[in-house]
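# Topology and contacts: notes
These are the residues of each chain, in order.
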Amino acid sequence: MSSATLLLARHGQTVWHAENRYAGVSDIALTDEGRAQAEALGRWAAAHPVDAIRTSTVSRAIATAAPACRALGLTSHPEHGLRECDFGVVEGRTLAEFATENPTAAEAFRTDPVANPFPGAEDPREAAARGTETLRRIARDHLGERVLVVAHNTLLRLVLCELLSIPLSEYRRVLPRLRNAAITELRVTAAGSAALLSLNVPCDLRFP
């Protein structure tokens, strides 16, 4: 076949995400709820065809994929290109906290988060490019197959915009958030074009 189906999932909840803190390159563990979300994802994967599993190199993504690996007898393969964006000075902080310290920079970010990333943060355009190329390569390697990809909220939203020809600057408005351990189904052709089949579908209704 000339396309692959990528089943994109954001990792389970972490302590920082429960408090709406930015966790980009910081390696933050899953909460109890995050581990329950990972188990729900594993049950979903066991009930649906999945041929391979790819994850970010960050431990919260690897831990989220672990129940699916056990259920399917598969080994996950970490991909450096799927790591979350580095949020610079806002790592470990909320946007509200940053706005108290630097209201001008916070408002610029809200207006256009791509043109005005946080100080010291990774360029969102570069993050979108590396994530997009990684997903396209995974698709080329798994034509005719279904691949579970466990990664991160901002990185996946940027990549979805890039693949679906949505301006990157609109990622926070068009895609406010990806739910933890929910499935977004994407068909990616060998040539790299993409079609969105579903978005943010919960694996377990206990985790809306």
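Attention in this report is confined to the structure presented alongside it.

Procedures and definitions
Residues numbered from 1 in each chain as written. Predicted model: local features only at pLDDT ≥ 70, side-chain atom pairs only at ≥ 80, totals over all residues. Heavy atoms only, no water. Helix = DSSP H or I, 4+ residues; strand = E, 2+ residues; numbered from the N terminus. Buried < 20%, exposed > 50% of the residue type's maximum accessible area, 1.4 Å probe, protein only. Lys, Arg positive; Asp, Glu negative; His and termini not counted. Salt bridge = Lys/Arg side-chain N within 4 Å of Asp/Glu carboxyl O. Polar contact = N/O pair within 3.5 Å; in protein donor to acceptor, adjacent residues only side chain to side chain. Contact = heavy atoms within 4.5 Å. Core = buried A, V, L, I, M, F, W, Y, C linked by side-chain atoms within 4.5 Å. Axes fitted to C-alpha atoms, helices over the stretch in contact; angles between N-to-C directions. Parallel < 35°, antiparallel > 145°, perpendicular 65-115°, else oblique. Nonpolar A, V, L, I, M, F, W, Y, C, P; charged D, E, K, R; others polar. Expected span 1.5 Å × (residues − 1). Pairing = 2+ DSSP bridges.

## With respect to the side chain of Glu84
Here Glu84 shows up in the loop between β3 (77-79) and α4 (95-101). One buried charged residue, Glu84, remains without a salt bridge, the closest side chain of opposite sign being Arg60 at 5.4 Å. A polar side-chain atom of Glu84 sits 3.2 Å from the main-chain amide nitrogen of Thr154. Apart from residues lying up to four places away in sequence, Glu84 is in contact with Ala23, Gly24, Val25, Arg60, Glu122, Arg130, His152, Asn153, Thr154 and Leu155.

## Details of the nonpolar core
Residues Leu6, Leu8, Phe118 and Leu135 are the most contacted members of the largest nonpolar core, which totals 37 residues. Of all the secondary structure elements, the ones that give two or more residues to this core are β1 (3-10), α4, α5 (103-111), α6 (124-141), β4 (146-151), α7 (153-163) and β5 (183-189). No other element matches the seven residues that α7 contributes to this core. The next biggest cluster of nonpolar side chains, apart from the first, holds 16 residues, and it includes Ile53, Ala61, Leu148 and Cys203.

## Regarding α7
With 10 of 11 residues buried, α7 is to be regarded as a mostly interior element. On its buried face, α7 sits against β1, α6, β4, α8 (171-174), β5 and β6 (194-201). Looking one or two places after α7, you find Ser165, whose phi comes out positive at around 60°.

## As for the packing of α6 against α7
For the pair α6 and α7, the least separation of the axes is 8 Å and the interaxial angle reads 75°. Taken together, the axes of α6 and α7 lie roughly perpendicular to each other. Two secondary-structure elements touch here, α6 through Pro124, Ala127, Ala128, Arg130, Gly131, Thr132, Leu135 and Arg136 and α7 through Leu155, Leu158, Val159, Glu162 and Leu163. Taken together, the residues of the contact of α6 with α7 sort by class into eight nonpolar, two polar and three charged.

## Some thoughts on the pattern of salt bridges
Applying the stated rule across the entire model yields 13 salt bridges. Between Arg70 and Glu39 there is a salt bridge whose closest N-O contact spans 3.1 Å. Of this pair, Arg70 sits in helix α3 (residues 59-72) while Glu39 is found in helix α2 (residues 32-47), placing the two residues 31 residues apart along the sequence. Between Glu79 and Arg54 there is a salt bridge whose closest N-O contact spans 3.8 Å.

## Describing the environment of Ile28
As for its placement among the helices and strands, Ile28 is situated in the loop between α1 (15-18) and α2. Of the residues examined, Ile28 reaches a relative accessible area of 15% and is grouped as buried.

## A few points about α2
Between its first and last C-alpha atoms α2 spans 23 Å; for 16 residues at 1.5 Å apiece the expected length is 22 Å, and the two agree. As for α2, its buried residues are in contact with β1, α3, β4 and β5.

## Observations concerning the pairing of β5
Burial analysis of β5 places five of its seven residues in the buried class, the great majority of the element. Where β1 and β5 come together, seven bridges link them in antiparallel fashion. Among the inter-strand pairings, Ala9 is bridged to a residue of β5, identified as Ile183. Bridge analysis of β5 against β6 gives five bridges, and the strand direction is antiparallel. Looking at β6, one finds that Ile183 is bridged to Val201. Count of turn residues in the β5/β6 antiparallel hairpin: four residues, of which Gly192 carries a positive phi of about 100°.

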